[in-house]
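Take a look at the letters that make up each chain.
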Amino acid sequence: MLVKSSESKNSAAPLLTFSGNIFIFHAFDIGEEINLELVKSRSTILQRPYIPPKYFKNYHIPLSVELPHPHATSNCVNAKIHNFGALSLTYQIPFDDTLEDIRANLQEIGYKYQEQSVIDAHTLFKKIKPSIIKPHFFYTKSSYFVIQLDPQIGLDGNTLKEKYGSIIASSLRFETSSLSEYQKNQILEASLGYFKGDLTVIDTESALVYDREYEELLDFFEFGNIQQLELRYFDRLLDQQLNLIYEEKTGKVPLKSYLPFLGTLSTSPIDELGKLKADISVITERLSSSIKIVGDPYFSELYATLENQLDIENLKATIEKKLAIVHDIRSVWQHKVDAIREDLLTVLIIILILIELLVAVTHK
């Protein structure tokens, strides 16, 4: 029995029943890298046909698979394995209800599929674990909700926003009571549409789509969620590595690192930072340039709005700052090693000269 909110009883807007779907995108980091060819060669996972979206470059074509059986839910409509060490799951929950009741139950739905996604992802993780480099489950997780409404006759996007703006805004923040007028207007400002009757409102953790032709939009929300996951993961990884350096837990530089020729063969935590810097730079650059929507103003605006709400640019800027710190640390360390190597060479030359003098004096 759905509980009606007091606002719905007192609202002047009619209690219309909407049909549509709630889409929930979950993404998990499960390792450093996944060998998709090895996953394909194993018979433990059933593959699904996958046609890459036309607005995405083929830098990271994921492997679309079926969830391993048995699993408790049939609402997982999409499971993908990404070669950069991530899993993404998409859940579709159909509804035929009022916006008031959808809002009242949205948080409960979120909790339910939060738990279910962890179970489903772990089931898939165990099946593909042998194909993962440095497997772990999981350090970072990212989620995003999309409430998709089928348009109703005589109700366009602007009218929907005017009549139900308060309910839409509080739903997108997973609140059951109305937000302040300021907060409501701020949320509804991030709205756009392609055709006259359409409406898309994008917020930090969820979005509302009032459109029958919504399938292409879902690809952008899924990709944005994965991009946010990877940036959070790299940010966390850099924090861990930098903390080790700040706390001086990286250990002393091995003696052989200072020796000419032998030093180039040794590895150190600083070298690991350099490798990490290269990996992060490559993956973040490819993720950033994976969208090819130049010449399509609507999708360009939509994804720019989504990136802004997901704080993608700030995450990138934070990672760039930390990578710059990594570069500085590597430079200081390398200068120190180079200086010591030069001193060692100088000492060795002096010793050789002294030995030659001693030999010469002894012969005379």
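Here the structure is a predicted model, which is why all the values come from computation and not from measurement.

Within the protein one finds 9 helices and 10 strands. Evaluated residue by residue, the protein yields a buried proportion of 46% over its 364 residues. By element, 56% of the accessible surface of the protein is carried by carbon and sulfur atoms, the whole surface being about 19600 Å².

Taken together, the buried positions of helix α5 (residues 181-189) are occupied by Lys184, Ile187 and Leu188. With its buried residues spanning 95 degrees around the axis, α5 presents them on a single face. Turned more than 90 degrees away from the buried face of α5 sit Tyr182 and Glu189, all of them exposed. Looking at the packing, one finds that the buried side of α5 touches α4 (157-172), β8 (191-192) and β9 (199-202).

Strand order across the open sheet formed by 8 strands is β3-β4-β5-β1-β7-β10-β9-β8, with mixed pairing between neighbours. At either margin of the open sheet sits one strand with a lone partner, and together these are β3 (63-65) and β8. Note: strand β1 (residues 17-29) against strand β5 (residues 86-98), 13 bridges, orientation antiparallel. Bridge pairing in β5 places Ile24 opposite Tyr91. This element, helix α3 (residues 99-128), spans β1, β3, β4 (76-82), β5 and β7 (141-149) of the sheet and lies at about 155 degrees to β5. Here α4 sits on the sheet and contacts β1, β7, β8, β9 and β10 (206-210); the angle it forms with β10, its principal contact strand, is near 155 degrees.

Contact geometry of α3 with α4 gives a least axis separation of 9 Å together with a crossing angle of 10 degrees. Judged by the angle between their axes, α3 and α4 are roughly parallel. From α3, Leu99, Glu100, Arg103 and Leu106 reach across to α4, where they touch Leu160, Tyr164, Ser166, Ile167, Ser170 and Ser171. Within the contact of α3 with α4, the residues separate by chemical class into 5 nonpolar, 3 polar and 2 charged.

Our next topic: the packing of aromatic side chains. Across all of its chains, the model carries 18 aromatic pairs by this definition. Note on Tyr91 and Tyr113: the rings are 5.3 Å apart at their centroids and 55 degrees apart in plane angle, and the pair reads as tilted. Of this pair, Tyr91 sits in strand β5 while Tyr113 is found in helix α3, placing the two residues 22 residues apart along the sequence. You'll find Tyr91 and Tyr113 in the same group, each marked buried. Each member of the aromatic cluster is reached from another via a ring pair, and the members are Tyr55, Tyr194, Phe195, Phe220, Phe223, Tyr298, Phe299 and Tyr303.

Contact pair α4 / α5: the axes reach a minimum separation of 9 Å and the direction vectors enclose 95 degrees. Between α4 and α5, the crossing angle belongs to the class labelled roughly perpendicular. For the pair α4 and α5, contact is made by Lys161, Gly165, Ser166, Ile168, Ala169 and Leu172 and by Lys184, Ile187 and Leu188, respectively. Looking at side-chain class alone, the contact of α4 with α5 contains 5 nonpolar, 2 polar and 2 charged residues.

With that settled, consider the confidence of the model for the protein. Per-residue pLDDT for the protein averages 83, and the proportion of residues at 70 or more is 85%. Considering only residues more than four positions removed or in separate chains, one finds that residues 1-13, a stretch of pLDDT under 50, has 19 contacts.

Within the secondary structure, Asp198 is located in the loop between β8 and β9. An unpaired buried charge is present at Asp198: no salt bridge exists, and Arg212, the closest side chain of opposite charge, is 8.6 Å distant. If sequence neighbours within four positions are ignored, Asp198 has contacts with Gly157, Gly193, Tyr210 and Asp211.

A separate point is the pairing of β1. Taken across its 13 residues, β1 has 11 buried, putting it largely inside the fold. The pairing of β1 with β7 spans 9 bridges and is antiparallel. The residue bridging Phe28 from the neighbouring strand is Lys141, located in β7.

The rules behind the values
- The written sequence of each chain sets the order in which its residues are numbered from 1.
- Totals for whole chains, interfaces and linings use all residues, but because this is a predicted model, local features are given only for residues with pLDDT of at least 70 and pairs of side-chain atoms are given and counted only at 80 or more.
- Side-chain numbers come from the whole structure's heavy atoms, not from hydrogens or water.
- A run of H or I in DSSP becomes a helix once it reaches four residues, and a run of E becomes a strand once it reaches two; helices and strands are each numbered from the N terminus.
- Note on classification: 1.4 Å probe, protein chains only; a residue is buried when its accessible area is under 20% of the maximum for its type, exposed when over 50%, partly exposed between these limits.
- In this description, accessible areas are obtained by the Shrake-Rupley approach with a 1.4 Å probe, and a residue is regarded as covered only by the protein chains that are shown.
- The arc under discussion is defined with respect to the helix axis, by the directions toward the C-beta atoms.
- In this analysis, two residues are considered to be in contact whenever any of their non-hydrogen atoms come within 4.5 Å of each other.
- In short, DSSP must find at least two bridges between two strands for them to pair.
- Here the axes come from fitting lines to C-alpha atoms, over the contacting stretch only for helices, and the angles between their N-to-C directions go from 0 to 180 degrees.
- Each angle gets one of four labels, with under 35 degrees taken as roughly parallel, over 145 as roughly antiparallel, 65 to 115 as roughly perpendicular, and the rest as oblique.
- Gly falls in the polar group here, along with every residue not listed as nonpolar (Ala, Val, Leu, Ile, Met, Phe, Trp, Tyr, Cys, Pro) or charged (Asp, Glu, Lys, Arg).
- Aromatic rings from Phe, Tyr and Trp, with only the six-membered ring used for Trp, were paired whenever their centres fell within 6.5 Å, and each pair was classed as stacked if the ring planes differed by under 30 degrees, edge-to-face if by over 60, and tilted otherwise.
- pLDDT expresses, on a scale from 0 to 100, how confident the predictor is about each individual residue.
- Just so you know, the count uses Lys and Arg for positive and Asp and Glu for negative, and it drops His and the chain ends.
- Salt bridge, as used here: a side-chain nitrogen of Lys or Arg that lies within 4 Å of a carboxyl oxygen of Asp or Glu.

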